[in-house]
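# Architecture at a glance
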Amino acid sequence: MRQIALNIMIAILWVLFQDEDAFHFQTFIVGYVIGIMIIYLLHKFFNQEFYPKKVWVSFKFLVVYLYQLLTSTVSIMNYVLFKAPKMNPGLIRYETKLNTDWQVAFLTILIIITPGSTVIHVNRNPNLFLIHAIDITEKEKKSLLKSIKQYEELIMEVTK
């Protein structure tokens, strides 16, 4: 957060030092790019990771989540319209590597808002999730566990 604030401050100062009579967005963008270069050179002194990397990871997380949401929604529509009698609902156990309470809560929320699955119980001692899935055939179970694993890796990358 300090790096972003510093970058915006550098961009504003760049606009002010350009001796222009009005605020020009192009000048602000040039100042922002100059600020990114300065912060890259000095980011080791912040004891933090270079912030555009966090922005990239957050963007990647959003894209992965939207993709998962879209594919699972299409999958649920397929089940409701064509495979309702063939559904095989059941429970799946998943052990996570996430440590903090808010990471576990975030993963729980991501599982819940993805159609076709919901978290029934979270055990914090061995970090075990009990998940209800609309279909637990091997193919669907593997797909769900892959999605959850991907969420987990992205959460660990964002919080690193």
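Basis of the calculations
- Residues numbered from 1 in each chain as written.
- Predicted model: local features only at pLDDT ≥ 70, side-chain atom pairs only at ≥ 80, totals over all residues.
- Heavy atoms only, no water.
- Helix = DSSP H or I, 4+ residues; strand = E, 2+ residues; numbered from the N terminus.
- Buried < 20%, exposed > 50% of the residue type's maximum accessible area, 1.4 Å probe, protein only.
- Phe/Tyr/Trp six-rings, centres within 6.5 Å; stacked < 30°, edge-to-face > 60°.
- Pairing = 2+ DSSP bridges.
- UniProt positions renumbered as here; feature names shortened; annotations may be inferred.
- Axes fitted to C-alpha atoms, helices over the stretch in contact; angles between N-to-C directions.
- Parallel < 35°, antiparallel > 145°, perpendicular 65-115°, else oblique.
- Left-handed = near helix turned anticlockwise from the far one by under 90°.
- Contact = heavy atoms within 4.5 Å.
- Nonpolar A, V, L, I, M, F, W, Y, C, P; charged D, E, K, R; others polar.
- Domains from an automatic or database assignment.

### Overview of unusual backbone geometry
A positive phi angle is found at asparagine 127, which is not glycine, with a value near 55 degrees. Along the polypeptide, asparagine 127 turns up in the loop between strand S2 (117-123) and strand S3 (128-133). You can call asparagine 127 buried: its relative accessible area is 13%.

### Some thoughts on the packing of aromatic side chains
Under the definition given, this model contains nine aromatic pairs. Where tyrosine 40 meets phenylalanine 50, the ring centres are 5.1 Å apart and the plane angle is 70 degrees; that geometry is what we call edge-to-face. Of this pair, tyrosine 40 sits in helix H2 (residues 25-42) while phenylalanine 50 sits in the loop between H2 and helix H3 (51-82), placing them 10 residues apart in sequence. You can call tyrosine 40 partly exposed: its relative accessible area is 48%. With relative accessibility at 16%, the residue phenylalanine 50 sits in the buried group. Pairing tyrosine 65 with tyrosine 151 gives two aromatic rings, centres 6.1 Å apart and planes at 40 degrees, and the pair type is tilted. Of this pair, tyrosine 65 sits in helix H3 while tyrosine 151 sits in helix H5 (residues 138-159), placing them 86 residues apart in sequence. For tyrosine 151, a relative accessible area of 2% translates into the label buried. Ring pairs connect the aromatic residues Phe23, Phe25, Phe28 and Tyr32, which therefore count as one cluster.

### Let's talk about the pairing of strand S1 (residues 90-95)
Successive residues of a regular strand alternate their side chains across the two faces of the sheet. Here S1 shows one buried face, formed by Gly90, Ile92 and Tyr94, and one open face, formed by Leu91, Arg93 and Glu95. As defined by bridge partners, S1 adjoins S3 across six bridges and the pair is classed as antiparallel. Considered in S3, the bridge of arginine 93 is made with leucine 130.

### What about the UniProt feature "transmembrane region" (unreviewed entry) in the chain?
Mapped onto this structure's residue numbering, the UniProt feature "transmembrane region" (unreviewed entry) falls at residues 23-42, 62-82 and 102-122. Secondary structure across residues 23-42 comprises 90% helix and 0% strand; the distance between its end C-alpha atoms is 28 Å. Taken as a whole, residues 102-122 contains 57% helix and 29% strand, while its terminal C-alpha atoms sit 13 Å from one another.

### Thoughts on the packing of helix H4 (residues 101-113) against H5
In contact at an axis separation of 10 Å, H4 and H5 are set at 140 degrees when each is read in the N-to-C sense. As far as their axial angle goes, H5 and H4 are oblique. The chirality of how H4 crosses H5 is right-handed. On the side of H4, the interface is formed by Trp102, Gln103, Phe106, Leu107, Leu110 and Ile111, while H5 contributes Ile148, Tyr151, Glu152, Ile155 and Thr159. Of the residues assigned to the contact of H4 with H5, the class counts are eight nonpolar, two polar and one charged.

### Let's talk about the environment of leucine 13
If you trace the backbone, leucine 13 turns up in helix H1 (residues 2-17). Along the sequence, leucine 13 and phenylalanine 28 sit 15 residues apart, while their C-alpha atoms lie 8.9 Å from each other.

### Some thoughts on the domain arrangement of the chain
Domain annotation for the chain reports domain 1 (1-46) and domain 2 (57-159). Taking only C-alpha atoms into account, the centre of domain 1 sits 40 Å from that of domain 2.

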